4 protein chains.
Amino acid sequence: MRTLLIAASILTTVLALRNGLAITPQMGWNTWNSFGCAISEDIVLSSAELIVKWGFKDLGYEYVIIDDCWSAGRNSTGHLQANSTKFPNGIADVASKVHAMGLKLGIYSDAGNFTCGGYEGSLGHEEIDAQTWASWGVDYLKYDNCNNDGQMGTAQATASRYKVMQRALNATGRPILYSMCNWGDDAVWVWGSTVANSWRMAGDVFDMFDRPDPRCPCDEYTYLTCTESGFYCSVMNVVNKVAQIISKGGPGNWNDMDMLQIGNGGMQDSEYKIQMSVWAAAKSPMIMGNDLRKMDANTLSILQNTAVLSVSQDVKGSGAERSWRYFVPDQDKYGQGEIALWVGGLNGPGQYGDQLVLFTNTGTQDRRMNASLATIFFDSGPEGSAPQIKESWEVYDLWANRMDNATANAIINGNGTVPSDARWNATANGGYAGLPSSTEKALMGTKVGTIQPGGTLWADVKGRDVGMFRLRQVGAGKKKRDEL
Amino acid sequence: MRTLLIAASILTTVLALRNGLAITPQMGWNTWNSFGCAISEDIVLSSAELIVKWGFKDLGYEYVIIDDCWSAGRNSTGHLQANSTKFPNGIADVASKVHAMGLKLGIYSDAGNFTCGGYEGSLGHEEIDAQTWASWGVDYLKYDNCNNDGQMGTAQATASRYKVMQRALNATGRPILYSMCNWGDDAVWVWGSTVANSWRMAGDVFDMFDRPDPRCPCDEYTYLTCTESGFYCSVMNVVNKVAQIISKGGPGNWNDMDMLQIGNGGMQDSEYKIQMSVWAAAKSPMIMGNDLRKMDANTLSILQNTAVLSVSQDVKGSGAERSWRYFVPDQDKYGQGEIALWVGGLNGPGQYGDQLVLFTNTGTQDRRMNASLATIFFDSGPEGSAPQIKESWEVYDLWANRMDNATANAIINGNGTVPSDARWNATANGGYAGLPSSTEKALMGTKVGTIQPGGTLWADVKGRDVGMFRLRQVGAGKKKRDEL
Amino acid sequence: MRTLLIAASILTTVLALRNGLAITPQMGWNTWNSFGCAISEDIVLSSAELIVKWGFKDLGYEYVIIDDCWSAGRNSTGHLQANSTKFPNGIADVASKVHAMGLKLGIYSDAGNFTCGGYEGSLGHEEIDAQTWASWGVDYLKYDNCNNDGQMGTAQATASRYKVMQRALNATGRPILYSMCNWGDDAVWVWGSTVANSWRMAGDVFDMFDRPDPRCPCDEYTYLTCTESGFYCSVMNVVNKVAQIISKGGPGNWNDMDMLQIGNGGMQDSEYKIQMSVWAAAKSPMIMGNDLRKMDANTLSILQNTAVLSVSQDVKGSGAERSWRYFVPDQDKYGQGEIALWVGGLNGPGQYGDQLVLFTNTGTQDRRMNASLATIFFDSGPEGSAPQIKESWEVYDLWANRMDNATANAIINGNGTVPSDARWNATANGGYAGLPSSTEKALMGTKVGTIQPGGTLWADVKGRDVGMFRLRQVGAGKKKRDEL
Amino acid sequence: MRTLLIAASILTTVLALRNGLAITPQMGWNTWNSFGCAISEDIVLSSAELIVKWGFKDLGYEYVIIDDCWSAGRNSTGHLQANSTKFPNGIADVASKVHAMGLKLGIYSDAGNFTCGGYEGSLGHEEIDAQTWASWGVDYLKYDNCNNDGQMGTAQATASRYKVMQRALNATGRPILYSMCNWGDDAVWVWGSTVANSWRMAGDVFDMFDRPDPRCPCDEYTYLTCTESGFYCSVMNVVNKVAQIISKGGPGNWNDMDMLQIGNGGMQDSEYKIQMSVWAAAKSPMIMGNDLRKMDANTLSILQNTAVLSVSQDVKGSGAERSWRYFVPDQDKYGQGEIALWVGGLNGPGQYGDQLVLFTNTGTQDRRMNASLATIFFDSGPEGSAPQIKESWEVYDLWANRMDNATANAIINGNGTVPSDARWNATANGGYAGLPSSTEKALMGTKVGTIQPGGTLWADVKGRDVGMFRLRQVGAGKKKRDEL
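Residues numbered from 1 in each chain as written. Chains lettered and ligands numbered in written order. Predicted model: local features only at pLDDT ≥ 70, side-chain atom pairs only at ≥ 80, totals over all residues. Heavy atoms only, no water.

This brings us to the packing of aromatic side chains. In this structure the tally under the stated criterion is 52 aromatic pairs over all chains. With a centroid separation of 6.3 Å and 70 degrees between ring planes, the pair formed by A:Phe359 and A:Phe469 is classed as edge-to-face. Here A:Phe359 is found in strand S13 (residues 354–361), whereas its partner A:Phe469 is found in strand S18 (residues 465–473), with 110 residues between them in sequence. Side by side, A:Phe359 and A:Phe469 carry an identical accessibility label, which is buried. A connected cluster of aromatic rings, assembled from ring pairs, spans A:Phe206, A:Phe231, A:Tyr232 and D:Phe378. Against the face of D:Phe378 rests A:Arg211, its NZ or CZ located 4.1 Å from the ring centre. (Phe/Tyr/Trp six-rings, centres within 6.5 Å; stacked < 30°, edge-to-face > 60°. Helix = DSSP H or I, 4+ residues; strand = E, 2+ residues; numbered from the N terminus. Buried < 20%, exposed > 50% of the residue type's maximum accessible area, 1.4 Å probe, protein only. Lys NZ or Arg CZ within 6 Å of the ring centre and 35° of its normal.)

On to the relation of the copies chain D and chain A. Rotating chain D by 90 degrees and moving it 0.0 Å along the rotation axis overlays it on chain A with an RMSD of 0.0 Å. When the rotation and shift are considered jointly, the pair of chain copies conforms to a four-fold rotation axis. Closest approach to the rotation axis among the C-alpha atoms of chain D is made by D:Thr154, whose C-alpha sits 4.8 Å away. Of all interface residues in chain D, a mere 5% are interface residues in chain A too; the two copies therefore contact each other through different surfaces. (Least-squares fit on C-alpha atoms with pLDDT ≥ 70 in both. Contact = heavy atoms within 4.5 Å.)

Moving on: the sheet that holds strand S8 (residues 198–200) of chain C. Residues and elements named next belong to chain C. The 8 strands lie next to each other as S9-S8-S7-S6-S5-S2-S1-S10, forming an open sheet whose pairing is parallel. Each end of this open sheet is capped by a strand with a single partner; those strands are strand S9 (254–256) and strand S10 (286–288). The mean angle between the axes of side-by-side strands here comes to 25 degrees, regardless of whether they run parallel or antiparallel. Looking at chain direction, strand S1 (residues 27–30) and S10 are connected through 3 bridges and run parallel. Bridging from a neighbouring strand, methionine 27 pairs with methionine 286 of S10. Contacts from helix H5 (residues 90–100) reach strand S2 (63–65) and strand S5 (104–110) within the one sheet, and its direction differs from that of S5 by about 145 degrees. (Pairing = 2+ DSSP bridges. Axes fitted to C-alpha atoms, helices over the stretch in contact; angles between N-to-C directions.)

Another point: the pairing of strand S11 (residues 321–327) of chain D. All names here are of chain D. Of all 7 residues in S11, 5 are buried; the element is thus mostly enclosed. Two elements, S11 and strand S12 (residues 338–346), share 6 bridges in a ladder whose sense is antiparallel. Its bridge partner being in S12, arginine 325 is matched across the sheet by alanine 340.

Residue and element names in this part refer to chain C. Between helix H6 (residues 126–136) and helix H7 (residues 155–172), the shortest axis-to-axis distance is 8 Å and the interhelical angle comes to 40 degrees. On the basis of the axis angle, H6 is oblique to H7. The interaxial crossing formed by H6 with H7 has right-handed handedness. Taken together, the residues of H7 that come into contact with H6 (itself represented by Glu126, Glu127, Ala130, Gln131, Trp133 and Ala134) are Val164, Met165, Ala168, Leu169, Ala171 and Thr172. (Parallel < 35°, antiparallel > 145°, perpendicular 65-115°, else oblique. Left-handed = near helix turned anticlockwise from the far one by under 90°.)

Moving on: the interface of chain B and chain A. Of the residues lining the interface, 50 residues belong to chain B; the matching set on chain A comes to 37 residues. Summing both partners gives a buried area of about 3,700 Å² for chain B against chain A, and 60% of it is carried by carbon and sulfur. On the chain B side of the interface with chain A, the three residues burying the most area are B:Pro214, B:Arg215 and B:Glu228, jointly 16% of the side's total. On inspection of chain B and its partner chain A, the count reaches 6 salt bridges. Its salt-bridge partner being A:Glu383, residue B:Lys333 comes within 3.0 Å of it at the nearest N-O pair. For the pair chain B and chain A, the interface holds 15 residue pairs in polar contact (both at pLDDT 80 or more). When contributions to the side of chain B that touches chain A are tallied by element, the ones reaching two or more residues are helix H2 (32–35) and strand S6 (140–144) of chain B. (Buried area = accessible area lost by both parts, 1.4 Å probe. Salt bridge = Lys/Arg side-chain N within 4 Å of Asp/Glu carboxyl O. Polar contact = N/O pair within 3.5 Å; in protein donor to acceptor, adjacent residues only side chain to side chain.)

Looking now at the nonpolar core. In terms of nonpolar packing, the biggest core is built from 484 residues, with A:Trp70, A:Met276, B:Trp70, C:Trp70 and D:Trp70 touching the most fellow members. Among residues more than four places away in sequence, those in contact with B:Trp70 are B:Ile39, B:Leu80, B:Gln81, B:Ala82, B:Asn83, B:Phe87, B:Ile91, B:Ile107, B:Tyr108, B:Trp133 and B:Trp136. (Core = buried A, V, L, I, M, F, W, Y, C linked by side-chain atoms within 4.5 Å.)

Once turned by 90 degrees and shifted 0.0 Å along the axis, chain B lies on chain A with an RMSD of 0.0 Å. Looking at chain B, a mere 4% of its interface residues are interface residues in chain A too, so the copies touch through different faces.

Right, let's get into the packing of helix H9 (residues 235–242) of chain D against helix H10 (residues 269–281) of chain D. All names here are of chain D. At a closest axis distance of 11 Å, the pairing of H9 and H10 adopts a crossing angle of 20 degrees. Comparing their axes, H10 and H9 come out roughly parallel. Crossing geometry of H9 relative to H10 is assigned as left-handed. Residue-level contacts link Val235, Val238 and Val239 of H9 to Gln275, Val278 and Trp279 of H10. Classifying every residue of the contact of H9 with H10 by side-chain character gives 5 nonpolar, 1 polar and no charged. (Nonpolar A, V, L, I, M, F, W, Y, C, P; charged D, E, K, R; others polar.)

Residues and elements named next belong to chain C. Mapped onto the fold, glutamine 261 is located in the loop between S9 and helix H10 (269–281). By relative accessible area, glutamine 261 is classed as buried at 5%. If we skip the residues at most four places from it in the chain, glutamine 261 touches Asn33, Val205, Phe206, Asp207, Met267, Tyr272 and Gln275. Side-chain polar atoms of glutamine 261 contact the backbone oxygen of valine 205, separated by 2.8 Å. Among the polar contacts made by the side chain of glutamine 261, one reaches the side chain of asparagine 264 at a distance of 2.7 Å.

Let us look at the state of the cysteines. Residues and elements named next belong to chain A. Throughout the structure, instances matching the rule amount to 16 disulfides over all chains. Put simply, cysteine 216 and cysteine 233 are joined by a disulfide, and their sulfur atoms are 2.2 Å apart. As the torsion about the S-S bond is roughly 95 degrees, the cysteine 216-cysteine 233 disulfide counts as right-handed. Remark: cysteine 233 occurs in the loop between strand S8 (198–200) and helix H9 (235–242) and cysteine 216 occurs in the loop between S8 and H9; sequence separation between them is 17 residues. (Disulfide = S-S within 2.5 Å.)

Below, the discussion takes up the UniProt feature "domain: Alpha galactosidase C-terminal" (unreviewed entry) in chain A. Here, the residues flagged by UniProt with the feature "domain: Alpha galactosidase C-terminal" (unreviewed entry) are residues 337–417 of chain A. Secondary structure across residues 337–417 of chain A divides into 16% helix and 35% strand, with the first and last C-alpha atoms of the span separated by 39 Å. (UniProt positions renumbered as here; feature names shortened; annotations may be inferred.)

This part is about the domain arrangement of chain A. Residue and element names in this part refer to chain A. Each assigned domain of chain A is listed here: domain 1 (2–312) and domain 2 (321–473). The C-alpha centroid of domain 2 is placed 26 Å from the C-alpha centroid of domain 1. In this complex, domain 1 contributes 42 residues to the contact, which on the side of domain 2 involves 39 residues. In total, about 3,500 Å² of surface goes out of reach between domain 1 and domain 2, with carbon and sulfur atoms giving 58% of it. Together, Asp58, Asp210 and Lys273 form the three largest contributors to the area buried by domain 1 at its contact with domain 2, with a combined 14%. At the boundary of domain 1 with domain 2, the tally comes to 5 salt bridges. (Domains from an automatic or database assignment.)

All names here are of chain A. By the element assignment, glutamate 41 lies in helix H3 (residues 41–53). Although buried, glutamate 41 forms no salt bridge, and the nearest oppositely charged side chain, lysine 97, lies 4.5 Å from it. Of the polar contacts made by the side chain of glutamate 41, one reaches the side chain of asparagine 89; its length is 3.0 Å. With near-sequence residues (within four places) excluded, glutamate 41 lies in contact with Lys86, Phe87, Pro88, Asn89, Asp93, Val94 and Lys97. (Lys, Arg positive; Asp, Glu negative; His and termini not counted.)

Shown next, in the form of C-alpha cells:
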C-alpha cells in the first residue's frame, strides 16, 4: 500500500525522526521573485525586520532565504565566499542578525557545476559547502538543479546526486532544512521522502494565474513523464499537477509548489486568494516572494490569514484531495475556466476530526457550488458509506474573517487598531499545534451555517475566487482551547 | 516470440522449478484494507479462525498476511522485532498457531528505508530480515516500495533492489512466497517473472468501482509509461490496465491486481461480483481484504463461489484476453460505462479444453450481449479459421449456482444446511487441479444451454453486472471426475 | 545528420565490414508460427527439403531456423543440449543435413534466465553457448528477450546485455547472423546497428490484418515510448510503426518486422499480399512462418513473387518512405481503414535509379489512387524541385506477373509446366544483385504504362489490396542484363 | 529557479568562462546539405573564398565546416587521416588556407563506432582524435550520434559519452567550439550547458516548410519524451519544438535548430524568410547549408540581412518567447496553418532595452496581426503590470531594408553598386556587440511607426510570411553609435 490511512499521528513522529525539521510545511520569505540577482545585505535584513515588525514572524513565517547570486565563488581553500559588495559583512553576520530577530536564515546553491545564475555550484563540493554554511549559522538550503552535468534522467541518477548533499548536511551536526529544487523531474515525489524535507514538484511559478506558456510545456496530462518542467508556469498549471501526487507529502517531507507570488502585481486579489488557499490545502511550503517593503493592505491580509495558515500548519499534515474538477464555459481570454472541489482531513475535537472543504471557481462567472457530505467524506467510505455522513457539521468560512484594509494598513503603518482576533499569534500560542477552538475566529474564520446529517454544503463562489470552509462536528467543537 | 501457445503443461513444470510456489495464483487474507495499522495478534488469529470455521480454508484461501505496522524496529543486534503491544507473543507464536490451523502466515516489509507506514524498511537489511522471518516460520512476504531512496526509475534499478530480497529469501531454505509490491512501476510485468511469484501491476485499489481520482493519475491510456501509479484506483481502472499485460502471468508468476475489496461496503453486490470475476479470469492473486468478523451472506457467497475460483485456480494458468471493449451511452454519475468480452482457455476434457467467456457490463442498463464462437476462439485461428468453431459447446453459468443467502447465513451462523454442491471442498478433493466434471455444480455452475457449431452465445447481463460462462465441448464433458 | 543521402553504395561496403552478413535482408523459414514447441528433427528437415524442392532456396530463402523449445537444458559441463526426443541425432546432425541441401541453419536462445517457453536462457552463458552453436555448425541466432532479469529499461542496459552475445558470436570465428529479438524496446532502432544484423522493432505479429488487441497495447502514436510491445499485433499495427524508423535499416542491419504469416489462414489473399509487399518495401527480413507441408497455390505464388523479392533484396538497401497516409470512411468491422503511399529508391540503370511506388488500400472499397512524380520523388527535392520530375518513367506492375495457380500447383505437385519467367532463379543468376533488365518479367513484373514528365501515376487498387509498381526512367532500362 | 531574469550581462561573463566560444550563436557554412559525401578540398576552399568574396565573412559567417565523409579511417598509429582523393593535401592544409582567409575550420565526427555515413567514429578514440584535429588547426567540432553502441537512453549515459570529448577538446589547449549533435535526445537541453557550446535540439531539418513526415515522428506534443528524433523534419516542426526549451540557451551555450536550408530550392522565398527570422530570434546557430556557387539574389539578400543577424548576435543572448500561437483555417495542402507571436529582449539604449516582435503567419492568406504592449512586455509584468507599457516605442521593420535584387546581383557578380546601408560590416565595426543606432538601417531596418503608451502594434503579414520588428523606446534611441 502507498499511504497510511489510520493513525497518522503515529506516523508524524516516525517520519520526523529523520532530521526533525519541517514537521509542518516551512514558512518564510525568499529574495528571488522580487529581487533576482539584485540582492544585498540590506535587502535581506530590512526584509527580515519587516517580517518581525509586521507580525509575519509571529504567524510562523520563519525562514529568510537568500536565493541565487550571493556568491563570489571559491577562495583559495575552496570555500565559498559571499559577494563582498552585496554582503560586505559576510553571510555569517547576516545569519547572526537574523537569528537575533528570532528568525532563521536560508541560503541557496545548486547540484551542478554552476547555479542557474551562473555562479559556482556545489556538485562535487558538497561537504565543504555544507560545512561552510553550517559554520555561518545557516538553517536552510534551497538546492537547485541547473547545469547538472547530465547526472540526471533517472530517479537513481538524480537521487544519488541529491543524497550527497543530504549526507553532507547531516554530517554538519547543525539542523539544516533541506529544500530540494529539481523541479519535479525524475519522479522526485516517489523518492523525495528519504532525501529531503521538501522537493519542488513542478516548474517555476510565474506571477500569472492560468495563462499557458510554451516555456512551461507540460500540463497535467503530460506531467508524469515531463522532461522539461520549465518555468513561466501558471498557478493553475501547478495546482492541477499537485493533485496527482498530493499524498506524497507528510510531516517532515513536503511537495513544494514553489513560492507565493502574492503581492507581485500580475494577478488580481481573488486569484492570489486562490494561490494562498490551494497552497495551504495542498501542504506546500509557504514562502513569500513579494517585495515586503512595498506591502499593501490586500497582500498583507491574504498572507496573514491565519485561518488559512492553520490549514497549512495542521498537525495531521494531510494534503487535501481534489475530489472533482469540471471545465466550465465561462472561460477567460486564454480559454481557461474550471471548477473544482478539494477536501481533506484536519485536526479537530470530534471523533472524525475537522474537515476542509475548498471550492475553486476559475470561471469568469459567479456560481453556486455544492458538495454533499457523502462527497466530502468519500475517502472514509465511498458511495455514502462513510460514518461522518450521519453527523451534523458546523461550517466555518476561512476567508470571512479576512483582515479588513483598515486593519491591514494599521499594521503596515504602525498605527490604528489591530483587533485581537484578526490573526493568530502562533509564537505566543505554541504554534498551530493545538486544537483550534470554534470561538477562535483567527483560526476558524466565521461560522456561516450547519450541515444536517446527509446534507449538502452550498456556497456562492464569485468568479475567479474560492470558497474555503472548515467543517466541525456538531457537539464536538464548542469547547475552548484550554478545555480541549 | 513472447509466450507459449502450445504445450503449456510442460511450461508449468519448468517455470515452477524456481521456488515451487504459487503454481496457481495465491489465495488468502490480508489485514490492511480493513485494519490498516490497527492490527493485533487477536485480529490475525481470530481472522484465521474464521477462515477455517467458515470454510475459506477448504476453498483454498491459505495465506493469512500481516501487512504494515507490525514492527517495533530493530533490536540491538539489528533484528526486526514485533510491536509487543500488538503482538505480545511475537510473530513466531502467531505463525505457529496459524500453522496449527493448517494455514500459512504472510508478513510485510518494504524495499526502502521506511515502510509506507513509516516503520523500518528492509533495504540494506535483506539477509538478516529474511533470516528473521524464516526463523519465525513466515511463509509469504509482501514487499512494498515506499521511501525507496531513489533506487528506482529504470527496470534495472528496481529489479536490482528487489532481487536482493529474492536471493535472501532463497538463501533461507524456507519456501517463502515472494509477493513484490512495486505498484507496476518500471515495467515490472516484463521482468518480474524471474524475480518474484507475483508483482503488483498498478496502484492501490480502493473500495470503489469506477470513479476516477487524480491520486490514481494514470488510466489505461497512460499506463505503460506511468511514473505515479498512485492509489485510490478504482476496480475498473485496474481491470483496463491488466488487459494490456495479461499474458505476462503464468504458473509461479502472477500479475497482482491488488486485494479484493469485496465486503468493504463501497460497492454494490454486482460490482463486487465483477471484481471477483475479473480477478479470477485475469489470474490475479485472490487476497481477501474485508473484516471477516463482519462477514455477511452476500460477501460470503461471492468469495465462496468455487465455480469462479476454479477459473482462478485452473491449471492452465492462462489469463483471459479482453477480446473487445466498447463504451456505452448509459453512463453513471462519473461518466463511466462500458461493455467488454473476456475469453480464455481452461482445463477441460475435450480436445481443445474448456473455454471461459466473461461479459462485463458497467453500463447502468441491462443488455443482451453476445459472442460468436469465431470471436470466442479467435486466438486459435482468426477470422473464423479456428477448429473449435465446428464443435458444439455446452454453456455453464458460473454465477447461477451462487450460494443463496440462507445457505450463506447457515455458514456464518453455524446452523442450517449447507448443500453439498454449494461449494467445492478443495482440501478434500486435491485442490482445483483435476478436471471438473460437468455434473459438479460447485465447479461448473449451472448448465444453461448449448451453442451449435458456428453459433453464438447470447446472454442477458444486468446493468453493472457480469455474465460468466464456461464452455465445454459437447461429447467431452459428460464423464464424472473419476472417469476423466 | 542521420543518414547518408549520397553514395549509398560506398556505405554498403563500410557497414558490412562488421560481420559480412545480411547485406540484404535475410530470407528463410522459422518453426514457431506453425509449430510452436511441437518441433522435431523431422519437421525441420522435411521443411528444408520442401524449401529446396519447391524452389524457395533458389529464390533466396536460405535460413532454416529452429525456434524455441529445442533444448533439454545444460549438461554437467554446462553445455546446452538438444531435446533427445525431438532431435534424436542432435542439432549438429540437423545442421549437417541442412548444409548438405545448400541451406543454412538457425537456432534460438534468449538473453534471459529462461526462454519465453521456459527453457534455459543464455544470459550469463553467452560464451559457452555461442561456442556450442558454432561447433554444431549453426549459422544464425534468433536471440529473444523473455525473463531478462530486469537488465532492461534503458538502451544502455539492454544493449549491454545483447552486446555480450555479439562478442561471443564474433569470438567463435564462425559467421553467425545475429538476429536480435528485444521487440523494439529501449529504442533498439537507434543503437541496433552496431550490435546485430537485425532487430525486431515491435511486438509479435499475429495472423490477423488490422484488429486491435489490448495485448499489443501500443499503436503508432505510442510506439516510441512503448514499454510493453506485446504480441497479437496486427500486420497494420507493425506497418504503421516501421514507417517511423524506416531509415534505421541498411545493408548489414535491418528493422525486423517479425515473421511472415502468409499461408497461416487468418487473412485473406490480398491481405497477405499487403504483408509481402510492405515487408519487402520496408526491408524487413523475409522469414516464412507457415507449415510448408500444407502449402497451397495462393501462398506459394505470393512467397515466390520474385518481382517483389527483388525489391526486398535490392542492393541499395533503402527502406521505402510512407509518403502519406489518410483514413478512409469505408472501414472494416474493427473500425479500421486507411490508404497510404510508400516510395523508395531502387537500383536501376538510369541516372536516378529505379523507383518503387506502393499504394496500400486497407479500406473495404476499391479505389483509384494516384501519385505525382513530384510526390514520388519528394526526397530528391521537395515541392517540385526534384530533377526526376522532368523525365519520363515506364511503369511496371510487380504483382501483374504473379504466378497463376496452375503454375503454382505444378510446382507443389511436381508436375505441369513452370514458365521460365514465372520466377527468378537467384541461385543461377548471382542473386538479386545485378540490374534487372526491363524484359525480365520475373523481376520487373509487367509493364503497364508510362508516366510523362510532370505526370502522375494512377492505379486502380482493390479494397484491402495493394498496387506495387517499379518505375524505370525511359531510355535507361531497355538494355538486357548483360548489356547493363 | 531556472533562469536569470536580471543582470544578464553579468552572466555572459560567468558562463563564457568555460571555453570562451560562441558568446553569440556561431555563424558559418557546412558542406552536408548541399554536398553530402561528395565533398572535396576544392568545394571547401572555393566555398570559403565565396564566403569572403561575397561579404559573408564580414557579416559574421566565420566557420567553414567539413561534415561527414572526409575520413579515410585510422592509420597504423591510430590517427584519423583524411581521404586522400577528396583532400589530397590533408585537412591541415585546408585549415591553413581557411585561416589565411580570416575564417575558421570545422570538422565532423561521431560519438559512436561509425559516423552516420559509415566512417570511423571517435567513441573510444576521443583523446587521439581531438589531438589530431587540434594539430591540424581545427576550430570547431560537430559531433554526431549515429551507431552509438547503445550508450544512450538516459541523460547520464549520453552526457557521459559526450563529456569524454569535451575533456579531450579542452585538453588540447586549442579553442575548439564544441557542437554536440545528439538530435535533442535524452533531454540534452537540460544538461547541455556544461558540456558543449551548442546542442542540436531536434531531428534533421529537411528543405521543406511544414510537411509532416513519419520519419520525423515526434511533433511538438510528443517532443519532450521523443526517442526517435528522426530526420525529414520540417522547419515548422522544429520551430514549435524550440519554443518549449527556448530559455535553455544563453551566451556560450545554444539550442541548435540545425542548419539553414535557405537557397536549397524546396521552399519559397517567404518561407526561407521565416526560417531566417525564427532561427535568429531563437538564437540558434546560423550555419548556411546551400551550395554557395549557385547563390542567387534572393538567397543572398536573406542570408545577408544584417538587421535580422543583429537579433541573432544580440549581446543579451536571450531567446525570444512564443507568446501565443493559434491555428488558422487557411491551411495548405498538408493541413497546416498557424499564426504566432514571438517577443524577446534585445540590447538597446533605453531603460528597458529594445524589444523584438516577430509575427509568423503560416496560413495561406494575408492577414492583419497585432500585439499590444501589454502582451509584448508580458514577461516584465503580466496582465498589464509591466512598466514598459507606459512608454512610447518606435517600430523598426527588420525586413523592410532587405537588399534589393539589383544590389544582391551586384554582389554576386562583382559589379554594380552596394549601398553603404545595405548590410552591416561586422568586421569593420566590432561585430554586433555595440548598441545599434536608430539611424543605422543595416541594423535597424526601416522605421515604420510609433506605438503610443498602452498601444498596440499592428502589422500586415502576407500569407506564409513574417513581420519582424524591433521596438525602441522613444527618447532613448536617437543617438548615434558613438554617442551611445
